[in-house]
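# A closer look at the structure
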Amino acid sequence: MNLQNNIKHLEDADRRHIWHPFTQMQEWEEGTPVVITEGRDSSIRDIYGKWYIDGVSSLWVNTFGHRKKEIDDAIKAQVDRISHSTMLGLSNEPAIRLAEKLVYLFDLSLSRVFYSDNGSTAVEVALKMAFQYWQLMGEKHKVSFLSLNNAYHGDTLGAVSVGGIDIFHKTFGPLLFKTYKAPSPYCYRCEDGRQYPDCGLFCIRRMEEILQRHHQDIAAVIIEPLVQAAGGMIISPAGYLRQVRELCTKYNVLLIADEVATGFGRTGKMFACEHEEVVPDIICLSKGITGGYLPLAATLATEEIYRAFLGEFKDLKTFFHGHSYTGNPLACAAALACLDIFDKEETLKNMAPKAALLENWLGEMESLPHVGNVRVKGLMAGVELVKDRQTKAPYAWEDKMGWKVALHAMDNGVFIRPLGNVIVIMPPLSISSENLQQMLKVIGDAIISATS
Ligand code: PMP
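As a starting point, this report considers the structure included with it. (Residues numbered from 1 in each chain as written. Predicted model: local features only at pLDDT ≥ 70, side-chain atom pairs only at ≥ 80, totals over all residues. Heavy atoms only, no water.)

### Regarding the nonpolar core
Nonpolar side chains tend to gather and get buried jointly when the protein is soluble and globular. In this structure, Trp 60, Met 207, Val 221, Val 383 and Ile 447 are the most contacted members of the largest nonpolar core, which totals 104 residues. The dominant element in this core, judged by the number of residues it contributes, is helix α12 (residues 329-344), at eleven residues. Lining this core are residues from two domains, each supplying at least three of them: domain 1 (34-64 + 346-451) and domain 2 (72-344). Apart from residues lying up to four places away in sequence, Met 207 is in contact with Leu 146, Leu 148, Ala 182, Val 221, Tyr 240, Val 244 and Leu 247. Residues Leu 127, Tyr 133, Ala 159 and Phe 319 belong to the second largest nonpolar core, which totals 27 residues. (Core = buried A, V, L, I, M, F, W, Y, C linked by side-chain atoms within 4.5 Å. Buried < 20%, exposed > 50% of the residue type's maximum accessible area, 1.4 Å probe, protein only. Helix = DSSP H or I, 4+ residues; strand = E, 2+ residues; numbered from the N terminus. Domains from an automatic or database assignment. Contact = heavy atoms within 4.5 Å.)

### Considerations on unusual backbone geometry
In this model, Tyr 196 is joined to Pro 197 through a cis peptide bond whose omega is 5 degrees. Inspection of the secondary structure assignment puts Pro 197 in the loop between β6 (180-182) and α9 (202-214). In this model, Leu 59 sits at a positive phi of 65 degrees, which is unusual for a non-glycine residue. Note that Leu 59 resides in helix α3 (residues 57-60). One non-glycine residue, Lys 400, lies in the positive phi region at around 55 degrees. Relative to the elements of secondary structure, Lys 400 occurs in the loop between β14 (381-385) and α14 (401-411).

### Things to note about the side chain of Asp 46
Along the chain, Asp 46 turns up in strand β2 (residues 43-46). Buried within the structure, Asp 46 lacks any salt-bridge partner; Arg 45 is the closest side chain of opposite charge, at an N-O distance of 6.2 Å. Setting aside residues no more than four positions away along its own chain, Asp 46 makes contact with Val 34, Val 35, Ile 36, Thr 37 and Tyr 52. (Lys, Arg positive; Asp, Glu negative; His and termini not counted. Salt bridge = Lys/Arg side-chain N within 4 Å of Asp/Glu carboxyl O.)

Below you can see the structure in the form of structure tokens.
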């Protein structure tokens, strides 16, 4: 098959056989898929040879760019030993070494690591752990969860139950368990119509009302600390996270921090919880854990939670949960290499000027006539486009405004994927300032062009 025929074959076969995630396939089938064949640093290349800056880190996972030598080498070295063995009844060296490193990142406050392989499973594990913990503690009525409007914790049914984005989650309503829902800390569109900071964090008071009334039924509060990511890069106001922690302690419910999107440097600190010196009872990690190389997740719990599960074989206190690829050695080897890079390259320190650059650019964007609100934490940003700035009226879903911006950017060599009307900007932490500037210029032009 010559090159042209090969390309044509791949495009056709994709349209005929692949069902893409979060994608209206009728439209997809009418278009031409962009098939990626190669990556280098912060860019990816399609089958025609066109390069794109990876503006959303291959869906928020990539940390140090593509083909990072140290990660490549770590995986290759592990392949030469063993690629996979099970954690059910066995252990493996990379999984042990990684667990040791992870718990030290939390000063041993979270001392137990349960591996799985994606963000949704990390959340499922956390929910089931919290639930069974209270059962084992004899608090049998603590069977429910409190989560937030606009929350996103993954696509498995437990994770969807604690989700709060109607467009994604409503269809599955009849399949879900019931949860208590607190307001989203979304200051631009405050559910109570209040203004920050005069509101005195009214959303926290609303959460407290629910806890006051129902804490006896609630096993845990689950939140995305600081940034409700898939909800539209909604940044919670200062002090919000800390107060959630205080409420959980006061009302004797566990706090589950879902750091799947915010973890591993994305917000400027290793974990978002550090910004407000919060230690959750359970934390969910995935995405950036392997620098965007391989599927891996870890749910970390306190020693106290872990100890509740100890008992005689016959007691059936065991945590009956596990996946085929739990603790996969290749993925753990990649994750170990990533933690070394964080230290060696001082990634967090070096990303600060780039975060400042992004913040400046967002300041400029804010004056555009169809930009309603800009939000940023570290290298995690959203630009919310509105039809009318005065009334904050959004573009209709079918206007596909976010998609128009993304298409324009794509034509000009930047890959981004919007969340409705919110333009997401989330490049690899290692992006060069030049690439970042180039990317922001393209996105700025795309916003202007699509909205005028
Ligand atoms: N939690 C959060 C906060 C997320 O942003 C995501 C994914 N965007 C998930 C969980 C689910 O992760 P995955 O797609 O790996 O299942």
